[in-house]
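Residues per chain, in single letters:
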Amino acid sequence: MDLKKGIIPVTQLKNHTKEILARVMKNGDPMLVTQNGHSAVMILDVGVYQSQQRKLHILEAISKGEREIMEGKGISHSDIQKRIASW
């Protein structure tokens, strides 16, 4: 994703909303909208956003698990095997 190719001023968004939304939905690349020469908002396809959110939640869970292991809060593999065997 090259944001340099997807930067538009807010006036262009106002004047070409349908075309810009169609482009974002078609290729999945986000568009950065500027206002008064500064970054204002990103336009992102819903499917791409949801995929990124799922990935973020997975990474957060992995990070949490790694922290717990480092803090000695994890459960050993053998203990897990025993718990599963008792089911």
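Preceding block: the structure.
As the structure is a computational prediction, the values presented were derived from the model and not from experiment.

Draft legend 1. Representation of the overall build of the chain in the model. A tally of helices and strands in the chain yields four helices and three strands. Listed by position from the N terminus, the elements making up the chain come as β-α-α-β-β-α-α. When its C-alpha atoms are laid out on the principal axes, the chain stretches across 65 × 25 × 20 Å. Taken across its 87 residues, the chain has 15% of its residues classed as buried. For the chain, contacts bridging at least 24 residues in sequence account for 31% of all contacts bridging at least 6. Taken as a whole, the chain presents about 7300 Å² of accessible surface, with 57% of it coming from carbon and sulfur. Both charge centroids of the chain, one from 13 positive and one from 9 negative side chains, sit 4 Å from each other.

Draft legend 2. A look at the side chain of Asp45. Tracing the backbone through its elements, the reader meets Asp45 in the loop between strand 3 (38-43) and helix 3 (46-70). Although Asp45 is buried, it makes no salt bridge; Arg54 carries the closest opposite charge, 9.5 Å away. Beyond its immediate chain neighbours, meaning those up to four positions away, Asp45 contacts Val24 and Met25.

Draft legend 3. Examining the sheet that holds strand 1 (residues 7-9) more closely. If you trace the three strands from one edge of the open sheet to the other, you get 1-2-3, paired in mixed fashion. The sheet terminates laterally at strand 1 and strand 3, the two strands that pair on one side only. Sheet twist, expressed as the average angle between the axes of neighbouring strands with direction ignored, equals 35°. Pairing analysis gives five bridges linking strand 2 (residues 31-35) to strand 3, with the strands arranged antiparallel. Following the sheet pairing, Gln35 is matched in strand 3 by His38.

Draft legend 4. A look at a nonpolar patch on the surface. Taken together, the side chains of Ile75, Ile80, Ile84 and Trp87 present a nonpolar region at the surface, about 480 Å² in accessible area. Relative to the helices and strands, Trp87 is located in the segment after helix 4 (77-86). Accessibility expressed as a relative area gives 81% for Trp87, which makes it exposed.

Draft legend 5. Representation of unusual backbone geometry. Although it is not a glycine, Asn36 adopts a positive phi angle of roughly 55°. Looking at where Asn36 falls in the secondary structure, it is placed in the loop between strand 2 and strand 3.

Draft legend 6. Looking closely at the pattern of salt bridges. All told, the structure shown has one salt bridge when counted by the stated rule. Residue Glu71 is joined to Lys73 by a salt bridge in which the shortest nitrogen-to-oxygen separation is 3.1 Å. For Lys73, a relative accessible area of 57% gives the class exposed.

About the thresholds
Residues numbered from 1 in each chain as written. Predicted model: local features only at pLDDT ≥ 70, side-chain atom pairs only at ≥ 80, totals over all residues. Heavy atoms only, no water. Helix = DSSP H or I, 4+ residues; strand = E, 2+ residues; numbered from the N terminus. Buried < 20%, exposed > 50% of the residue type's maximum accessible area, 1.4 Å probe, protein only. Contact = heavy atoms within 4.5 Å. Areas by Shrake-Rupley, 256 points an atom, 1.4 Å probe, with all protein chains shown as cover. Lys, Arg positive; Asp, Glu negative; His and termini not counted. Charge placed at Lys NZ, Arg CZ, Asp CG, Glu CD. Salt bridge = Lys/Arg side-chain N within 4 Å of Asp/Glu carboxyl O. Pairing = 2+ DSSP bridges. Axes fitted to C-alpha atoms, helices over the stretch in contact; angles between N-to-C directions. Patch = residues over 30% accessible without salt bridge, like charges linked within 9 Å, V, L, I, M, F, W, Y side chains within 5 Å.

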